[in-house]
Structures are given as C-alpha cells and as structure tokens.
Amino acid sequence: MDLILAGQILETTMTEDGGQIGGPGEQPAERNSEQGETVKAETPIAEPPKELVDVAAEKTVEPPAAQEPPIAVFRTHRVTNQPEPYQGYNLFDSDPLLVAALGKTLDEGVEVELSAHGRFWGSQEAQDFGRLANRNPPALNSYDAYGHRLDTVDFHPAYHAMMRRSAEAGLHMVLADDGEERRGRRHALRAAQYYVTAQTEIGHLCPITMTNAACAVLPHEASVAEEWLPRIRTRKYDHRFRPASQKLGVTLGMGLTEKQGGTDLRQITTRAEQVEDGSYRIVGHKWFFSAPMSDAFVVLAKTKAGPTAFLMPRFKPDDSVNELRVRRLKNKLGNHSNASSEVEFEGAYAERIGEEGKGIRTILDMVTPTRIDCALGSAALMRAGLARAVHHVRQRQAFGAPLADLPLMARVIGDMSLDVAAATALVIRLATAMDRAGESPADAAYLRIMTPAAKYWICKMAPALLYEAMECLGGNGYTEDFDLARLYREAPVNAIWEGSGNVMALDVVRALAKEPDTLDLLLEELEHSLGATGPVSINVLRAAAKACIDDPGSSRILTEQLALTAAASALREIAPAVLSDAFIESRLAGQWRTTYGMLDPRFDLTGLIDWLYPEK
C-alpha cells in the first residue's frame, strides 16, 4: 500500500446548497430552509475506510519496501569497518533491568504482550515511522484555497501510524482504565510500554501524555467526565477533523501558559464568561498549545472568582467549529513530529471543570502523571542513545581491536550505563508507587517527594549523556542520517515541560514543609534498602533538608541528593550487586566529576554492559 495514500485525511465534502456530506455511512444534515436551521441526522459513527485512514492497523500498512543490499565496493574503495544498522532489537526482551524492575507485576500474558510491543518498536518499520514523522514536520493550514478559515494541522502519515499504535496499547488512558485485569499494576506496566515506545519516537507521545493526564481532571465535573471518558477508553485513534461524537476515539491537549507568564499561572489574562445555557465563552490566548489537532483541551481562564479550569472542544455542541484560532506553529529545537502552537480564543465555547476560582488546584491532578512521563521519556532517550553507542563500539574496530574492548571506551560506556540503569530503576519504582499510593502511606510519600526529584535529575542528565553517546559514534553521530542527532535535540524539552529545574526543587521543599512526615516515611524505605551505606546517606539527606529551611537557594542540592539516593535504592532492589555497588560508590561516595569515564577499574565493566545490553 502507498503510505502517503494510507494517511490521507477523510475530508468533508460540501454540497451545492451548502450542506455537508461526511464520510461513508453518514447522512447529510437536513436543512430547514424556512428557519435557516440545521437538523442533525441520527446516524451511527462510521468506521473510516481502511484504505484511507487505517494507517497502522495490522496487515494494512506495509513496512517500507525491502531495499537492495547496499553497494560496498566502489571504483575507489571498499566500505569496511562500518557497523550494521541499529534495528531488529526487541526493546523489551533485550532489557533485563526493565524486566527485573517489573518483577511480580508480570505474568505470562503480560510478558507476551510486552514482548510484542518491544518487537514492533525495535523494528525497522517503527524506526522508519519515527524518522519520517520528524523529517516531515506538521504544517498549519490557516485557510483553504477559497479563503475559508481552517485552523487545521496536517501530519505525516507515519505520525498517525505511531499514534494509532500507542492508542491501541492504551498508553493514553491508564488513568481512565476501569478494568480489573491490571488493577494494582497498571501504572507500572504502562510505564514499561511508554519507556519502550519513547526509545524509538517520543514526539507523538506528547498528546498521549496529555490525554492520560487530563483523565485525572475530567472527573471534577461529572457531566464532562461522562461525555469524554468513554471516548478515550475506546483505544481508538481517529485523526479526522470532525466532532468528537462522530469519531472512533479522541485525544486531549492542554492550554495553560500565556505570553506574560509561564509557571506563574496566576498571571493569566484570558477571560471566561458564563452564558444562559451554563456554558462559558472564552476570550484570550495561549502561548504554548501543544497538539492543536486534539479533540478538546484543558485550559485555564479567569472568571470573577479567579483562575478556573475548562474543557474546550474543537467543535461546539451544534457541530460547528469552535472559535479557536491557531496563529502559528512553534519552530522548536526538537520534538519535530509533534505540533506546538500559539492560539487565540475569540469567544470560544467551553465547559467548566471543577469550581470557579479553583482552577489551579483542579489541574494539579495532571501534574504528577505528566512529570512521571517526562522522567520516563528522558530515561528512554538515555537508554536509546547508549544502546546505539554500545551497538557501534562493539562492531567498530580501532587500533586493532573493537572500540568496546579499548580500556578508555569501556570505562566511558560502563560509566554511562550506571546512570541509564539508575534512571530506569527509579522511574519504574515511581510508577509502582503510583499504583500503591492509594493504599500505602509510604508509597504516597514516595510519590509526592520523588516525582519532582526524579524529573529534576533524570531530565537534566539526558542531554549530557546523549552527547557522550553521540561522541562514541564520532562524526556519524553528528549527522542527521543517524538517530542520535534527533535524540539529542529531543532531550532538553522534558526538563522544561511541566516545570523546569528550579520549579522541581522548590516543589520538593514545599512538599517537605507542608507534610514533614513524608520525609521520614521516604527515608525509612531508603535506609532499609541501601544496607550498610544507608545511615550515612540518610544523614546527608537530613542535613540537606535542614539547610533548605535557612537557605532556599540550596534546594537543588537536596533535590539531586534525593534522586541519587532513591535511584541507588531502586537499583539495590532489582540489579546485580556489581551494578548497584558501582553506582553507589561513584555517585553517593565518589568525588565531584563533570564527564563520563572516571570509574574505578575494579568494576567488571564488560560484564555490566553485556548484561544490560545483550547482543542480538
């Protein structure tokens, strides 16, 4: 099948009298010419034709045609000493640390599912989707050829293919999942799927994350939840631009920050006024408005009572397009597959979520799942970058030996592997805490303090580690022909999204000040799991926490130490002793360092890499 044809959007056709005919199986609206009203016909939701829309369904989209073997012999030289392409790894089965971190949450059925998930996202097909979606970024359509206002965004078919895969896996709806099968472990299992997916392409996961996070907010307004949550639970992705009631599934976005204020949401100037039917009309703007082709958006606007949360759909209840104007798309450093935009609301229809004036408190329910996804995404980027570096140095020869066998390269790769392993262990522990928080005060405390701390440390580590991985490939790593350049450009965004470093550090201190007992519960777990090194590490953390009271400017010290200690604790629970010991001795007890490759030679670095990154 032609991939471009497969991704075409099913467009509405206009009839001569101004009526609309939708997709196959739909009836045109009946027009009452005397009153000028449009009466909607009662028709079922039409399944879009597979040959037009079903971009990523099984047995529908064919992977790119197999290429002829590359020509290696030229008139002037022969191509030698170049590694094979990085592809064909099962991103779940080949990650023993991830499997160990999931532990008892796994059963035979789940393992089969996760293995299939890892096999697809490690395939050449999935990697091609990721490259195509990023090399062909979204395009804004402000008007059609005849001057009608559109405000739509076109995405490459590969983007839709990935979105469909992730929606079918349920990555966008764990917070709305009401099934019993994964109760008590759904966040940990979803974290593993997200982690695997993000290693191949992370941009499309932005609307996946936002839809999932919004599921935590919608229940603040029963009528809104009853209308929208069932649409999210379908596990269907439908990119057609039409009312949500006519679609197979929906995604949700967010619109919070404005030009005059980012993190400080009290500065918003967008206004909302209630009308006779109880809904609201919103006038204002948003400076960062990601995934503008989502079906609805959680937005903040001011009423007389103060900042209030709303759900703003792309279409109004009468199925006309809402007054949401996409002014331009952001020209971003990375994240090119996903659209971020600037928008204006010209009296846009919206429904209130929660109480008037309590909007900031209402949207706080989105914060924790979004921050966990930021940490997950950064950990996945780190794993993806180092895996490519390991693949390269094993096959590339220099000075008569594989690069991986050279002492200095082995030291660099081994040192990097400690941070990747620690980040992985920490984010899965965080997701496990989310599963248990409702029943365990200790896990609730862990989730409250470690979410901002983990996001702070992991997201800040990713750019430096990915640069080092790029350097392992040399000049190849710096070219756009290899994935590392894209991974490197993706890395900074997660540290900025949903609160930058200072915000995370302040949030940790705020949590400790508001709920002092949470620190004791957290430190009790860390001390128990760290063994002999526990008391010293706990004393360091207590001293850092006390210093923050007198000197808020030291909050970053506490935040990083919390993350490092919790990461060491998580590693001790699931990893071989040589791995956790090396991390503890070099990160908790080691001297200050700014680059990789400074590990003590007594550690079995080759064994570490062979276990963490098994060869195909």
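Our structure is the block above this text.
Description of the structure in this document. Here the structure is a predicted model, which is why all the values come from computation and not from measurement.

**Regarding the overall build of the protein**
Here is step 1 of the chain: Helix and strand counts for the protein stand at 20 helices and 15 strands.
Here is step 2 of the chain: For the protein, the share of sequence-separated contacts (at least 6 apart) that also reach a separation of at least 24 residues comes to 71%.
Here is step 3 of the chain: Only carbon and sulfur atoms are counted for the fraction: they give 52% of the accessible area of the protein, which is about 27,500 Å².

**Some remarks on the packing of helix H10 (residues 407-436) against helix H19 (residues 577-588)**
Here is step 1 of the chain: Look at H10 against H19: their axes get within 10 Å of each other, and the N-to-C directions meet at 105°. Classified by the interaxial angle, the pair formed by H10 and H19 is roughly perpendicular. Contacts from Asp-415, Leu-418, Asp-419, Ala-421 and Ala-422 of H10 reach H19 at Leu-579, Ala-582, Phe-583, Ser-586 and Arg-587.
Here is step 2 of the chain: In the contact of H10 with H19, the residues fall into six nonpolar, one polar and three charged.

**With respect to the pattern of salt bridges**
Here is step 1 of the chain: Counted according to the given criterion, the structure contains 39 salt bridges.
Here is step 2 of the chain: Between Glu-346 and Arg-325 there is a salt bridge whose closest N-O contact spans 3.3 Å. Linking Glu-346 in strand E13 (residues 340-353) with Arg-325 in strand E12 (residues 324-329), this pair joins segments that are 21 residues apart in sequence.
Here is step 3 of the chain: By relative accessible area, Glu-346 is classed as partly exposed at 42%.

**Quick look at the pairing of strand E5 (residues 139-143)**
For a regular strand, side chains alternate in direction, first toward one face of the sheet and then toward the other.
Here is step 1 of the chain: Taken together, the four bridges between E5 and strand E6 (residues 149-154) define a ladder with antiparallel strand orientation. When the bridges of E6 are listed, Ala-139 appears paired with Asp-154.

**Digging into the side chain of Arg-383**
Here is step 1 of the chain: By secondary structure assignment, the location of Arg-383 is in helix H9 (residues 359-395).
Here is step 2 of the chain: Among all residues touching Arg-383, those that are not within four sequence positions of it are Ser-94, Asp-95, Tyr-195, Gln-199, Val-420, Leu-612 and Tyr-613.

**Digging into the nonpolar core**
Here is step 1 of the chain: Within the largest apolar cluster, 127 residues are counted, with the highest numbers of intra-cluster contacts made by Trp-457 and Ile-458.
Here is step 2 of the chain: With 17 residues, H10 is the single largest residue contributor to this core.
Here is step 3 of the chain: Formed by 30 residues, the second largest nonpolar core is a distinct cluster that contains Met-173, Leu-229, Ile-232 and Met-254.

**Here we look at the environment of Ala-469**
Here is step 1 of the chain: Among the structural elements, Ala-469 can be located in helix H11 (residues 441-472).
Here is step 2 of the chain: A relative accessible area of 0% places Ala-469 in the buried class.
Here is step 3 of the chain: Remark: the alpha-carbon pair of Ala-469 and Val-390, spanning 79 residues in sequence, is separated by 8.6 Å.

**A closer look at the packing of aromatic side chains**
Here is step 1 of the chain: Counted according to the given criterion, the structure contains nine aromatic pairs.
Here is step 2 of the chain: Aromatic pair Tyr-280 and Phe-310: ring centres 4.9 Å apart, planes at 65°, arrangement edge-to-face. Here the residue Tyr-280 occupies a position in strand E9 (residues 280-290), and Phe-310 occupies one in strand E11 (residues 306-313), the gap between them amounting to 30 residues.
Here is step 3 of the chain: Residue classification places Tyr-280 among the buried positions, given a relative accessible area of 2%.
Here is step 4 of the chain: On the numbers, 4.3 Å between centres and 35° between planes, the contact of Phe-289 with Phe-297 is tilted. Of the two residues, Phe-289 and Phe-297, neither departs from the other in class, the shared state being buried.
Here is step 5 of the chain: By way of ring pairs, the aromatic residues Phe-289, Phe-297 and Phe-345 are connected into one cluster.
Here is step 6 of the chain: Cation over ring: Arg-231 sits above Trp-228, and NZ or CZ is 4.8 Å from the ring centre.

Here is what the cut-offs are and how they apply
- Positions within a chain are numbered from 1, following the residues in the order the chain's sequence is written.
- pLDDT decides what is reported in this predicted model: residues at 70 or higher carry local features, side-chain atom pairs at 80 or more are listed and counted, and totals for whole chains, interfaces and linings draw on all residues regardless.
- Processing note: side-chain calculations cover all non-hydrogen atoms of the structure and skip hydrogens and water entirely.
- What counts as a helix is a DSSP run of H or I of at least four residues, what counts as a strand is a run of E of at least two, and both are numbered from the N terminus.
- Any pair of residues with heavy atoms lying within 4.5 Å of one another is described as a contacting pair.
- Surface accessibility in these figures is a Shrake-Rupley result with a 1.4 Å probe; residues are shielded only by whichever protein chains are displayed.
- Axis definition: a line fit to C-alpha positions, over the contact stretch in the case of helices; interaxial angles, taken between N-to-C directions, run 0 to 180 degrees.
- For classification purposes, angles smaller than 35 degrees are called roughly parallel, those larger than 145 roughly antiparallel, those between 65 and 115 roughly perpendicular, and all remaining angles oblique.
- Each residue is assigned to one class: nonpolar for Ala, Val, Leu, Ile, Met, Phe, Trp, Tyr, Cys and Pro, charged for Asp, Glu, Lys and Arg, and polar for all the others, Gly among them.
- Salt bridges are defined as contacts in which a side-chain nitrogen from Lys or Arg sits within 4 Å of a carboxyl oxygen from Asp or Glu.
- Think of it in three bands: with a 1.4 Å probe and only protein chains considered, a residue is buried below 20% of the maximum accessible area for its type, exposed above 50%, and partly exposed in between.
- Strand pairing is defined by DSSP finding a minimum of two bridges between the two strands.
- By nonpolar core we mean a set of buried residues, namely Ala, Val, Leu, Ile, Met, Phe, Trp, Tyr and Cys, connected to one another through side-chain atoms within 4.5 Å.
- Stacked, tilted and edge-to-face are the three classes applied to pairs of Phe, Tyr and Trp rings, where Trp contributes its six-membered ring and a pair requires centres within 6.5 Å; stacked means planes under 30 degrees apart, edge-to-face means over 60, and tilted covers the rest.
- Consider the ring centre and the ring normal. A charge sits over the ring if Lys NZ or Arg CZ is within 6 Å of that centre and within 35 degrees of that normal.

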